Amino acid sequence: MSIIVTGGAGFIGSNFVLDWFGTSDEPVITLDKLTYAGNPENLASLAGNPHHQLVQGDIGDTKLVAELLAKHKPRAVLNFAAESHVDRSIHGPGEFIQTNIVGTFHLLEAVRAYWNGLPDDERAAFRFLHVSTDEVYGSLKKDDPAFSETNRYEPNSPYSASKAASDHLVRAYHHTYGLPVLTTNCSNNYGPYHFPEKLIPLVIHNALAGKPLPIYGDGQQIRDWLYVKDHCAAIRRVLADGKLGETYNVGGWNEKANLDVVHTLCTLLDELSPRADGQPYKNQITFVKDRPGHDQRYAIDASRLERELGWKPAETFESGIRKTVQWYLANQAWVANITSGAYRDWVNTQYDA
Ligand code: NAD
Ligand code: DAU
């Protein structure tokens, strides 16, 4: 038995693969295009592990995917592969349409052909798990209840619209062809290997580099933060016992305004790695132009996952964010390797630095 993990060299996918081997020795084939966001270094600790293989390739390459499926005969495919950064989707939506919609379609087609050819018992046991986001539900007002699985889809950015489209395709492949699918919709993750284009790692990186900490608009937008390893544990639970064709919301019950998150990071850095001049890191906070179409608030109601599958996050925001800051301080070489030419070009475009 084995599983295929697409996008397994990215932030959440690599945490998932690393954690998988903490609980199982079932082989994993990681299929990743290794875009700017995919980093084989995230999986470096698996070098020499005979149960892991990294294959560079596109989920939209039906021939390659068909070959991998025929060769490895996995019992599950977990789809983490995506273009994931909202700001990049605003600057250039094309790649988001290509990977998140067209790529997912080709992946589903290859998986459907493979699944159709399996013996009955293996067909029944097979799973296609699609990793999605809470952003498909749109934006909440201050007093609205948190998103539940029955909220209607109201995506507002090219990124969330492309993820919503992929969710619909996955749903349709179950309804029409009977493909045994599961979908998870998760809130904002944070933790090790988070690419420093996203708020939390960007702020840690900029703070230590003595650069401005850019807050979009008034910084009062709310996100619901979940430590990445809790997300990975939720995916393992859904893979094991989720009901076919169903969707599961995953979240940490940790709603925070962006400005509060940045203040928390500054306070932790003041304690763990104080500035040489003795000044607080919060002095680097800078308010910048808002994100176009910026969603005001996300909040996930994860009660179904707890009630039906017994999953609850292990980390509070306070414990998870401390671990995260400590990880970045201990892994400055990882950050330095990433913040190369292509990364600097992006930062210059986005922040007029
Ligand atoms: P990421 O950008 O860090 O990683 C994405 C990975 O997919 C990279 O390794 C990249 O190389 C790979 N990839 C991109 N296009 C590909 C293609 N065509 N074929 C194969 N591989 C390709 O993203 P992430 O934050 O780890 O997110 C993983 C998944 O989780 C995404 O589907 C995202 O929508 C979803 N998600 C993310 C969050 C979050 O807070 N980061 C929250 C909820 C859901
Ligand atoms: O909700 C889940 C989603 O969370 C995932 O589906 C996405 O893949 C992931 O990127 C994330 O999207 P966000 O847009 O919420 O994450 P980001 O880290 O880009 O931004 C978090 C908040 O911080 C958001 O309100 C925008 C704000 N922000 C972000 C950056 C990069 C700033 O104020 N300044 C910044 O420089």
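Residues numbered from 1 in each chain as written. Chains lettered and ligands numbered in written order. Predicted model: local features only at pLDDT ≥ 70, side-chain atom pairs only at ≥ 80, totals over all residues. Heavy atoms only, no water.

The chain is annotated in an unreviewed UniProt entry as dTDP-glucose 4,6-dehydratase from Achromobacter arsenitoxydans SY8. UniProt annotates the chain under Catalytic activity (unreviewed entry) with the comment "dTDP-alpha-D-glucose = dTDP-4-dehydro-6-deoxy-alpha-D-glucose + H2O". The chain has a UniProt comment under Cofactor (unreviewed entry) that states "NAD(+)". (UniProt positions renumbered as here; feature names shortened; annotations may be inferred.)

Draft legend 1. Structural view of the side chain of Asn79. Mapped onto the fold, Asn79 is located in strand E4 (residues 76-79). A distance of 3.4 Å separates a polar atom in the side chain of Asn79 from the backbone nitrogen of Ala81. Apart from residues lying up to four places away in sequence, Asn79 is in contact with Thr6, Ile59, Thr104, Leu107, Phe128, Leu129, His130 and Val131. (Helix = DSSP H or I, 4+ residues; strand = E, 2+ residues; numbered from the N terminus. Polar contact = N/O pair within 3.5 Å; in protein donor to acceptor, adjacent residues only side chain to side chain. Contact = heavy atoms within 4.5 Å.)

Draft legend 2. Representation of the packing of aromatic side chains within the structure. Under the definition given, this model contains 18 aromatic pairs. Each ring, one from Tyr36 and one from Phe195, has its centre 5.3 Å from the other, and the planes form 80°; the classification is edge-to-face. With Tyr36 in the loop between strand E2 (28-32) and strand E3 (52-56) and Phe195 in the loop between strand E7 (188-190) and helix H7 (199-208), this pair connects stretches of sequence that are 159 residues apart. The structure contains a cluster of three or more aromatic residues connected by ring pairs, namely Tyr137, Phe147, Tyr153 and Tyr298. Across the ring face of Tyr177, the terminal group of Arg112 is positioned such that the distance to the ring centre comes to 3.8 Å. Above the plane of the ring of Tyr248 lies Arg304, whose end atom (NZ or CZ) is 4.6 Å from the centre. (Phe/Tyr/Trp six-rings, centres within 6.5 Å; stacked < 30°, edge-to-face > 60°. Lys NZ or Arg CZ within 6 Å of the ring centre and 35° of its normal.)

Draft legend 3. Quick look at the site of ligand 2. Neighbouring ligand 2 are 25 residues, the closest being Asp134, Tyr159, Arg291, His294 and Tyr351. The separation between an oxygen atom of ligand 2 and a polar side-chain atom of Thr133 is 2.7 Å. Contact distances for ligand 2 include 2.5 Å between an oxygen atom and a side-chain N or O atom of Tyr351. The protein chains hide 94% of the 690 Å² of surface that ligand 2 would expose on its own. Of all the secondary-structure elements, those providing two or more residues to the shell around ligand 2 are helix H3 (86-91), H7 and strand E8 (213-216). The biggest single contributor to the shell around ligand 2 is E8, with three residues. Residue composition of the shell around ligand 2, by class: 10 nonpolar, eight polar and seven charged. (Near = heavy atom within 4 Å. Areas by Shrake-Rupley, 256 points an atom, 1.4 Å probe, with all protein chains shown as cover. Nonpolar A, V, L, I, M, F, W, Y, C, P; charged D, E, K, R; others polar.)

Draft legend 4. Looking closely at the site of ligand 1. Not every one of the 28 residues close to ligand 1 is listed here, only the nearest: Ile12, Asp32, Ser84, Tyr159 and Lys163. Phe11 places a polar main-chain atom, nitrogen or oxygen, 3.0 Å from an oxygen atom of ligand 1. Here an oxygen atom of ligand 1 sits 2.9 Å away from a polar atom, N or O, in the main chain of Asn189. Contact with the protein chains covers 96% of the free accessible surface of ligand 1, which is 830 Å². Going through the elements one at a time, helix H1 (11-23), strand E5 (127-133), helix H6 (158-177) and E7 are the ones with two or more residues in the shell around ligand 1. Take the shell around ligand 1: its biggest share by element is three residues, from E5.

Draft legend 5. Structural detail: the environment of Thr6. Residue placement: Thr6 occurs in strand E1 (residues 3-6). For Thr6, a relative accessible area of 0% gives the class buried. Counting along the chain gives 74 residues from Thr6 to Phe80, while the straight-line C-alpha distance between them is 5.4 Å. A distance of 2.6 Å separates polar atoms of two side chains, one belonging to Thr6 and the other to Asn79. In terms of polar contacts, Thr6 uses its side chain to reach the backbone amide nitrogen of Ala81, at 3.2 Å. (Buried < 20%, exposed > 50% of the residue type's maximum accessible area, 1.4 Å probe, protein only.)

Draft legend 6. Looking closely at the pairing of strand E6 (residues 181-186). Burial of E6 is extensive: six of the six residues sit out of reach of the surface. Side chains of E6 alternate between two faces, with Val181, Thr183 and Asn185 and Leu182, Thr184 and Cys186 buried alike. When E5 meets E6, the two strands line up parallel, connected through six bridges. Looking across to E6, one finds that Ser132 is bridged to Asn185. Assessed by its sense of winding, the connection that carries the chain from E5 through H6 to E6 is right-handed. The sheet contact formed by E6 and strand E10 (residues 247-250) spans four bridges and is parallel. (Pairing = 2+ DSSP bridges. Right-handed = clockwise from strand over helix to strand, strands pointing away.)

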